[in-house]
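Below are the chains, spelled out letter by letter.
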Amino acid sequence: MKVTQTQQRALLRIFTAKTWPQRLGALLIVGLALWSYLKPSPPTSGELQRGMQLSAQVVGVADGDTITVLSDDRKQYKLRLAFIDAPEKAMPFGQVAKQALSDLIYRQTVTASIIDVDRYGRGVAVIEHNQRDINLQQVTAGLAWHYTQYTKGQSSTDFERYESAQTQAKSQKTGLWADQHPTPPWDWRKANRNN
């Protein structure tokens, strides 16, 4: 934030003015400067926004729950699959989860419904291809957990579908559930942050 000379004088006047009207005028100038600095800026063209729907080709699969897409207007977006958490690549089943996601949608045109934008600027999205919820497919295949800690935007019906898919994969020992005690990725990340 660049502070103008007027704003500097107004800040000084708050403490040195002899009358209350002068101080209030100075406070108004400083307040307006702060407001203009802190107000959210309107999204720029090509920036992901909550509620946005995007039809794009998958051009990269980073892991079992993160992809890169290329829109029709040639903009790339990194997307995190909503409601799920797949094993990290270095974890057991991490490469399998990545390959399964790649087999489902790499070089395919998908529809991404952006439900949020995370702190890294990635769109948190429900990905659909051929009328199939790809996020749910990863859970059904036993290659991701239903990430109940982050279910913002998920209807109770969707929540039940994801929970049911995880319960079924677990009972059938599908994918990562073949391991007696699979480590959830959030626990693995926490343990490896300290190393």
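Given the structure is predicted, the values throughout are model-derived calculations rather than measurements.

### Let's talk about the overall build of the protein chain
Right, on to step 1. Assigned secondary structure in the protein chain consists of six helices and eight strands.
Right, on to step 2. Counting from the amino terminus, the protein chain carries its helices and strands in the arrangement α-α-β-β-β-β-α-β-β-β-α-β-α-α.
Right, on to step 3. The C-alpha radius of gyration computed for the protein chain amounts to 24 Å, which surpasses the reference 16 Å derived for 195 residues by more than 25%, pointing to a less compact arrangement than a globule.
Right, on to step 4. With respect to the principal axes defined by its C-alpha atoms, the protein chain has extents near 80 × 40 × 35 Å.
Right, on to step 5. Per-residue burial for the protein chain yields a buried fraction of 37% across its 195 residues.
Right, on to step 6. Long-range pairs, those at least 24 residues apart, make up 59% of the contacts in the protein chain between residues at least 6 apart in sequence.
Right, on to step 7. Positive and negative side-chain charges in the protein chain, numbering 24 and 17 respectively, have mean positions lying 14 Å apart.

### Some points on helix 1 (residues 5-16)
Right, on to step 1. The first and last C-alpha atoms of helix 1 sit 16 Å apart over 12 residues, in line with the 16 Å expected at 1.5 Å per residue.
Right, on to step 2. Regarding helix 1, the residues found buried are Q7, A10 and I14. Buried residues of helix 1 fall within an arc of 55 degrees about the axis and therefore sit on the same side. In this structure, helix 1 carries Q5, L12, F15 and T16 as exposed residues pointing more than 90 degrees from its buried face.

### Topic: helix 5 (residues 156-171)
Right, on to step 1. Taking 1.5 Å as the rise per residue, helix 5 with 16 residues should run 22 Å; its terminal C-alpha atoms sit 22 Å apart, in good agreement.
Right, on to step 2. Buried residues of helix 5: Y162, A165, Q166 and A169, and no others. One face of helix 5 carries all of its buried residues, which in axial projection span an arc of 95 degrees. Turned more than 90 degrees away from the buried face of helix 5 sit S156, T157, E160, T167 and S171, all of them exposed.

### Examining the confidence of the model for the protein chain
Right, on to step 1. Summary statistics for the protein chain give a mean pLDDT of 88 and a share of 93% for residues scoring 70 or more.
Right, on to step 2. Below pLDDT 50 for its whole length, residues 41-45 participates in two contacts with residues either more than four positions away or in separate chains.

### Considerations on the environment of T167
Right, on to step 1. Summarising the element assignment, T167 is placed in helix 5.
Right, on to step 2. Separated by 113 residues in the primary sequence, T167 and L54 have C-alpha atoms spaced 31 Å apart.
Right, on to step 3. Engagement of the side chain of T167 in a polar contact is seen with the backbone oxygen of E163, the distance being 2.9 Å.

What counts, and at which threshold
Residues numbered from 1 in each chain as written. Predicted model: local features only at pLDDT ≥ 70, side-chain atom pairs only at ≥ 80, totals over all residues. Heavy atoms only, no water. Helix = DSSP H or I, 4+ residues; strand = E, 2+ residues; numbered from the N terminus. Rg over C-alpha atoms; globule rule 2.2 N^0.38 Å. Buried < 20%, exposed > 50% of the residue type's maximum accessible area, 1.4 Å probe, protein only. Contact = heavy atoms within 4.5 Å. Lys, Arg positive; Asp, Glu negative; His and termini not counted. Charge placed at Lys NZ, Arg CZ, Asp CG, Glu CD. Expected span 1.5 Å × (residues − 1). Arc of directions from axis to C-beta. pLDDT = per-residue confidence, 0-100. Polar contact = N/O pair within 3.5 Å; in protein donor to acceptor, adjacent residues only side chain to side chain.

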